[in-house]
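# Chain and residue survey
Here is how the chains run, residue by residue.
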Amino acid sequence: MIVIGLTGGIGSGKTTVGAMLKELGAAFIDADKVGHRLLREDHDLKWAIVAAFGEGILDADDAIDRRKLARIVFCDTAALETLNAITHPAISQAVSEEVAEFRSQGYKVAVVEAALLIEAGWMRQTDVIWLTAAPPEVVLDRLVNKMGYTEAEARARIACQTSNEVRRRYASAVIDTDLPMADLRHRVEELWRALKS
Ligand SMILES: CC(C)(COP(=O)(O)OP(=O)(O)OC[C@H]1O[C@@H](n2cnc3c(N)ncnc32)[C@H](O)[C@@H]1O)[C@@H](O)C(=O)NCCC(=O)NCCS
Ligand SMILES: Nc1ncnc2c1ncn2[C@@H]1O[C@H](COP(=O)(O)OP(=O)(O)OP(=O)(O)O)[C@@H](O)[C@H]1O
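In what follows, the accompanying structure is described. No experiment lies behind these values; they were computed from the predicted model shown.

What counts, and at which threshold
Once a new chain begins, its residue numbering starts again from 1 and follows that chain's sequence as written. To read the labels, note that chains go from A and ligands from 1, taken in the order they are written. Thresholds applied to this predicted model are a pLDDT of at least 70 for local features of residues and 80 or more for the giving and counting of side-chain atom pairs; totals over whole chains, interfaces and linings are not thresholded and use all residues. Counting other C-beta atoms within 10 Å of a residue's C-beta gives its exposure: the residue is buried at 20 or more, exposed at 12 or fewer, and partly exposed in between, where C-beta atoms are placed from the backbone. Counting from the N terminus, the helices are DSSP H or I runs at least four residues long and the strands are E runs at least two residues long. Here, strands pair whenever DSSP counts at least two bridges between them. The rule is simple: place the C-beta atom from the backbone, and if it lies within 6 Å of a molecule or strand, the residue is near it. Each residue receives one of three labels: charged for Asp, Glu, Lys and Arg, nonpolar for Ala, Val, Leu, Ile, Met, Phe, Trp, Tyr, Cys and Pro, and polar for the others, Gly being one of them.

Right, let's get into the pairing of strand E4 (residues 128-133). A regular strand places its side chains so that they alternate between the two faces of the sheet. Taken across its six residues, E4 has five buried, putting it largely inside the fold. Here strand E1 (residues 2-7) pairs with E4 via four bridges, running parallel. Bridge pairing links leucine 6 to tryptophan 130 in E4. Looking at chain direction, E4 and strand E5 (residues 173-176) are connected through four bridges and run parallel. Across the sheet, residue threonine 132 finds its bridge partner in E5, namely isoleucine 175.

As C-alpha coordinates, then:
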(Lines give C-alpha, C1' and ligand atoms only; values in the text may rest on other atoms or scores of the structure.)
(Ligands and ions follow the chains in the order given, each with its own letter.)
Protein backbone atom coordinates (compact mmCIF):
# COMPACT_ATOMS: atom_id res chain seq x y z
CA MET A 1 0.00 0.00 0.00
CA ILE A 2 1.21 3.50 -0.84
CA VAL A 3 0.64 6.09 1.88
CA ILE A 4 0.23 9.66 0.62
CA GLY A 5 0.89 12.40 3.17
CA LEU A 6 -1.44 15.23 2.17
CA THR A 7 -0.27 18.44 3.78
CA GLY A 8 -0.58 22.18 3.39
CA GLY A 9 -1.42 25.18 5.49
CA ILE A 10 -4.77 25.73 7.12
CA GLY A 11 -7.48 26.31 4.48
CA SER A 12 -5.20 25.32 1.62
CA GLY A 13 -7.63 22.71 0.26
CA LYS A 14 -6.45 19.42 1.83
CA THR A 15 -9.92 18.14 2.70
CA THR A 16 -11.23 19.05 -0.76
CA VAL A 17 -8.39 17.17 -2.47
CA GLY A 18 -8.67 14.33 0.07
CA ALA A 19 -12.36 13.88 -0.80
CA MET A 20 -11.43 13.57 -4.48
CA LEU A 21 -8.80 10.94 -3.65
CA LYS A 22 -11.35 9.07 -1.56
CA GLU A 23 -13.72 9.02 -4.55
CA LEU A 24 -10.88 7.56 -6.62
CA GLY A 25 -10.60 4.68 -4.14
CA ALA A 26 -8.07 5.76 -1.49
CA ALA A 27 -8.57 5.12 2.21
CA PHE A 28 -8.60 8.45 4.03
CA ILE A 29 -7.42 9.55 7.47
CA ASP A 30 -7.92 13.13 8.68
CA ALA A 31 -5.44 13.90 11.52
CA ASP A 32 -7.65 16.77 12.77
CA LYS A 33 -10.57 14.36 13.18
CA VAL A 34 -8.32 11.79 14.86
CA GLY A 35 -7.30 14.53 17.32
CA HIS A 36 -10.94 15.48 17.98
CA ARG A 37 -11.87 11.85 18.63
CA LEU A 38 -8.99 11.45 21.10
CA LEU A 39 -10.02 14.62 22.98
CA ARG A 40 -13.48 13.06 23.42
CA GLU A 41 -12.54 9.42 24.03
CA ASP A 42 -9.06 9.28 25.57
CA HIS A 43 -9.68 10.29 29.15
CA ASP A 44 -6.01 10.24 30.21
CA LEU A 45 -5.26 12.61 27.34
CA LYS A 46 -8.19 14.84 28.20
CA TRP A 47 -7.20 15.15 31.86
CA ALA A 48 -3.54 15.78 30.95
CA ILE A 49 -4.77 18.73 28.88
CA VAL A 50 -7.01 19.96 31.70
CA ALA A 51 -4.06 19.66 34.13
CA ALA A 52 -1.99 21.86 31.78
CA PHE A 53 -4.62 24.48 30.89
CA GLY A 54 -7.16 24.43 33.72
CA GLU A 55 -10.83 23.53 34.03
CA GLY A 56 -11.75 26.74 32.20
CA ILE A 57 -11.33 24.82 28.91
CA LEU A 58 -14.23 22.46 29.76
CA ASP A 59 -17.80 22.98 28.60
CA ALA A 60 -20.97 22.39 30.66
CA ASP A 61 -20.70 18.62 30.00
CA ASP A 62 -17.06 18.46 31.15
CA ALA A 63 -15.86 17.91 27.57
CA ILE A 64 -12.99 19.94 26.14
CA ASP A 65 -14.33 23.07 24.46
CA ARG A 66 -12.03 23.27 21.42
CA ARG A 67 -12.78 26.93 20.79
CA LYS A 68 -11.70 27.86 24.36
CA LEU A 69 -8.53 25.79 24.06
CA ALA A 70 -7.80 27.32 20.64
CA ARG A 71 -8.03 30.82 22.14
CA ILE A 72 -5.30 29.89 24.64
CA VAL A 73 -2.86 28.16 22.31
CA PHE A 74 -3.09 30.22 19.07
CA CYS A 75 -0.58 31.76 19.13
CA ASP A 76 1.17 31.46 22.49
CA THR A 77 4.19 29.42 21.44
CA ALA A 78 4.86 27.88 24.85
CA ALA A 79 1.20 26.90 25.33
CA LEU A 80 0.99 25.40 21.84
CA GLU A 81 4.19 23.42 22.42
CA THR A 82 2.69 22.05 25.63
CA LEU A 83 -0.51 21.01 23.82
CA ASN A 84 1.46 19.47 20.96
CA ALA A 85 3.67 17.54 23.39
CA ILE A 86 0.57 16.06 25.03
CA THR A 87 -1.47 15.33 21.89
CA HIS A 88 0.98 14.52 19.09
CA PRO A 89 2.27 11.13 20.34
CA ALA A 90 -1.33 9.94 20.77
CA ILE A 91 -2.39 11.23 17.33
CA SER A 92 0.69 9.66 15.72
CA GLN A 93 -0.09 6.29 17.33
CA ALA A 94 -3.76 6.42 16.31
CA VAL A 95 -2.89 7.40 12.72
CA SER A 96 -0.40 4.54 12.47
CA GLU A 97 -3.04 2.09 13.76
CA GLU A 98 -5.55 3.34 11.17
CA VAL A 99 -2.96 3.00 8.40
CA ALA A 100 -2.24 -0.59 9.52
CA GLU A 101 -5.96 -1.36 9.57
CA PHE A 102 -6.43 -0.05 6.01
CA ARG A 103 -3.38 -2.05 4.90
CA SER A 104 -4.89 -5.22 6.34
CA GLN A 105 -8.16 -4.45 4.52
CA GLY A 106 -6.24 -4.57 1.23
CA TYR A 107 -6.34 -0.89 0.22
CA LYS A 108 -3.75 0.00 -2.43
CA VAL A 109 -3.54 3.68 -1.42
CA ALA A 110 -4.16 5.51 1.88
CA VAL A 111 -4.11 9.26 2.40
CA VAL A 112 -3.07 10.86 5.70
CA GLU A 113 -4.29 14.46 5.74
CA ALA A 114 -2.42 16.64 8.25
CA ALA A 115 -1.55 20.32 8.25
CA LEU A 116 1.29 19.47 10.65
CA LEU A 117 2.62 16.42 8.79
CA ILE A 118 6.09 17.96 8.59
CA GLU A 119 6.18 19.89 11.90
CA ALA A 120 5.06 16.79 13.85
CA GLY A 121 7.31 14.35 11.96
CA TRP A 122 4.35 12.24 10.78
CA MET A 123 5.78 12.28 7.26
CA ARG A 124 7.88 9.32 8.41
CA GLN A 125 4.68 7.27 8.19
CA THR A 126 4.15 8.21 4.53
CA ASP A 127 5.72 7.23 1.21
CA VAL A 128 5.07 10.43 -0.77
CA ILE A 129 4.05 13.93 0.25
CA TRP A 130 1.62 16.03 -1.73
CA LEU A 131 1.24 19.69 -0.86
CA THR A 132 -1.92 21.75 -1.35
CA ALA A 133 -1.36 25.47 -1.79
CA ALA A 134 -3.28 28.63 -2.63
CA PRO A 135 -2.31 32.31 -2.52
CA PRO A 136 -2.39 33.82 1.02
CA GLU A 137 -5.27 36.18 0.21
CA VAL A 138 -7.36 33.26 -1.13
CA VAL A 139 -6.64 31.22 2.02
CA LEU A 140 -7.59 34.15 4.28
CA ASP A 141 -10.82 34.69 2.33
CA ARG A 142 -11.72 30.97 2.66
CA LEU A 143 -10.98 30.93 6.38
CA VAL A 144 -13.07 34.00 7.13
CA ASN A 145 -15.89 33.69 4.59
CA LYS A 146 -16.31 29.92 4.27
CA MET A 147 -14.92 28.40 7.45
CA GLY A 148 -16.15 30.84 10.11
CA TYR A 149 -12.83 32.05 11.56
CA THR A 150 -12.40 35.70 12.50
CA GLU A 151 -9.54 37.35 10.64
CA ALA A 152 -7.48 37.42 13.89
CA GLU A 153 -8.09 33.69 14.51
CA ALA A 154 -7.14 32.89 10.92
CA ARG A 155 -3.93 34.92 11.03
CA ALA A 156 -2.96 33.41 14.41
CA ARG A 157 -3.24 29.84 13.09
CA ILE A 158 -1.35 30.65 9.90
CA ALA A 159 1.44 32.18 12.04
CA CYS A 160 1.78 28.93 14.06
CA GLN A 161 2.51 26.81 11.03
CA THR A 162 5.56 26.28 8.90
CA SER A 163 5.86 28.05 5.53
CA ASN A 164 5.19 26.60 2.10
CA GLU A 165 8.85 27.20 1.35
CA VAL A 166 9.70 24.53 3.95
CA ARG A 167 6.83 22.25 2.94
CA ARG A 168 7.92 22.33 -0.72
CA ARG A 169 11.28 20.81 0.24
CA TYR A 170 9.48 17.60 1.25
CA ALA A 171 6.74 17.50 -1.36
CA SER A 172 6.93 15.46 -4.54
CA ALA A 173 3.84 17.23 -5.93
CA VAL A 174 2.32 20.65 -5.35
CA ILE A 175 -1.41 21.00 -5.99
CA ASP A 176 -2.59 24.55 -6.64
CA THR A 177 -6.14 24.57 -5.26
CA ASP A 178 -6.99 28.07 -6.48
CA LEU A 179 -8.65 26.53 -9.52
CA PRO A 180 -12.21 25.82 -10.63
CA MET A 181 -13.27 22.50 -9.06
CA ALA A 182 -13.30 20.68 -12.43
CA ASP A 183 -9.68 21.71 -13.10
CA LEU A 184 -8.65 20.75 -9.58
CA ARG A 185 -10.26 17.33 -10.04
CA HIS A 186 -8.41 16.93 -13.35
CA ARG A 187 -5.07 17.69 -11.63
CA VAL A 188 -5.81 15.21 -8.82
CA GLU A 189 -6.78 12.51 -11.35
CA GLU A 190 -3.53 13.15 -13.23
CA LEU A 191 -1.48 12.64 -10.05
CA TRP A 192 -3.53 9.56 -9.16
CA ARG A 193 -2.83 7.96 -12.55
CA ALA A 194 0.91 8.74 -12.27
CA LEU A 195 0.96 7.21 -8.78
CA LYS A 196 -0.62 3.99 -9.96
CA SER A 197 1.45 3.56 -13.14
C1 LIG B 1 -6.46 23.46 19.50
C2 LIG B 1 -7.63 22.62 19.02
C3 LIG B 1 -8.44 22.08 20.20
C4 LIG B 1 -8.56 23.55 18.17
O5 LIG B 1 -9.62 22.78 17.64
P6 LIG B 1 -10.43 23.32 16.35
O7 LIG B 1 -11.63 22.42 16.18
O8 LIG B 1 -10.66 24.79 16.49
O9 LIG B 1 -9.44 23.14 15.12
P10 LIG B 1 -9.05 21.79 14.31
O11 LIG B 1 -8.52 20.76 15.24
O12 LIG B 1 -10.20 21.36 13.45
O13 LIG B 1 -7.84 22.29 13.42
C14 LIG B 1 -8.10 23.15 12.29
C15 LIG B 1 -6.77 23.58 11.74
O16 LIG B 1 -6.05 24.34 12.72
C17 LIG B 1 -4.66 24.12 12.53
N18 LIG B 1 -4.06 23.55 13.77
C19 LIG B 1 -4.61 22.65 14.63
N20 LIG B 1 -3.72 22.32 15.60
C21 LIG B 1 -2.60 23.01 15.33
C22 LIG B 1 -1.32 23.11 15.95
N23 LIG B 1 -1.04 22.36 17.03
N24 LIG B 1 -0.39 23.94 15.40
C25 LIG B 1 -0.66 24.67 14.28
N26 LIG B 1 -1.86 24.61 13.65
C27 LIG B 1 -2.80 23.81 14.16
C28 LIG B 1 -4.54 23.10 11.38
O29 LIG B 1 -4.38 23.77 10.16
C30 LIG B 1 -5.86 22.40 11.39
O31 LIG B 1 -6.19 21.85 10.13
C32 LIG B 1 -7.15 21.43 18.14
O33 LIG B 1 -6.70 21.90 16.90
C34 LIG B 1 -6.03 20.63 18.79
O35 LIG B 1 -6.29 19.85 19.71
N36 LIG B 1 -4.79 20.78 18.27
C37 LIG B 1 -3.66 20.02 18.78
C38 LIG B 1 -3.56 18.71 18.04
C39 LIG B 1 -3.09 18.96 16.63
O40 LIG B 1 -1.94 19.35 16.40
N41 LIG B 1 -4.00 18.75 15.65
C42 LIG B 1 -3.72 19.03 14.27
C43 LIG B 1 -3.29 17.80 13.56
S44 LIG B 1 -2.90 18.18 11.87
N1 LIG C 1 -10.81 25.04 -5.81
C2 LIG C 1 -11.66 25.54 -4.91
N3 LIG C 1 -12.67 26.35 -5.30
C4 LIG C 1 -13.53 26.88 -4.39
N5 LIG C 1 -13.48 26.65 -3.06
C6 LIG C 1 -12.50 25.83 -2.62
C7 LIG C 1 -11.54 25.23 -3.51
N8 LIG C 1 -10.69 24.48 -2.77
C9 LIG C 1 -11.10 24.60 -1.50
N10 LIG C 1 -12.18 25.41 -1.39
C11 LIG C 1 -12.91 25.78 -0.17
O12 LIG C 1 -11.99 26.37 0.72
C13 LIG C 1 -12.26 25.97 2.06
C14 LIG C 1 -11.01 25.31 2.64
O15 LIG C 1 -10.78 24.10 1.94
P16 LIG C 1 -10.47 22.75 2.74
O17 LIG C 1 -11.43 22.51 3.86
O18 LIG C 1 -10.34 21.67 1.70
O19 LIG C 1 -9.02 23.15 3.31
P20 LIG C 1 -8.15 22.40 4.39
O21 LIG C 1 -6.74 22.60 3.98
O22 LIG C 1 -8.62 20.99 4.52
O23 LIG C 1 -8.49 23.21 5.71
P24 LIG C 1 -8.11 22.81 7.24
O25 LIG C 1 -6.72 23.22 7.43
O26 LIG C 1 -9.07 23.56 8.10
O27 LIG C 1 -8.31 21.31 7.40
C28 LIG C 1 -13.48 25.05 2.01
O29 LIG C 1 -14.63 25.82 2.29
C30 LIG C 1 -13.48 24.57 0.56
O31 LIG C 1 -14.78 24.25 0.11
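Once that is clear, we can look at the site of ligand 2. Near ligand 2 there are 18 residues, and of these Lys14, Thr15, Thr16, Arg142 and Lys146 occur at the shortest range. At the level of secondary structure, the elements contributing two or more residues to the shell around ligand 2 comprise helix H1 (14-23) and helix H9 (181-196). Ranked by the residues each element gives to the shell around ligand 2, the list is headed by H1, at three residues. Here the residues of the shell around ligand 2 are counted per class, giving six nonpolar, eight polar and four charged.

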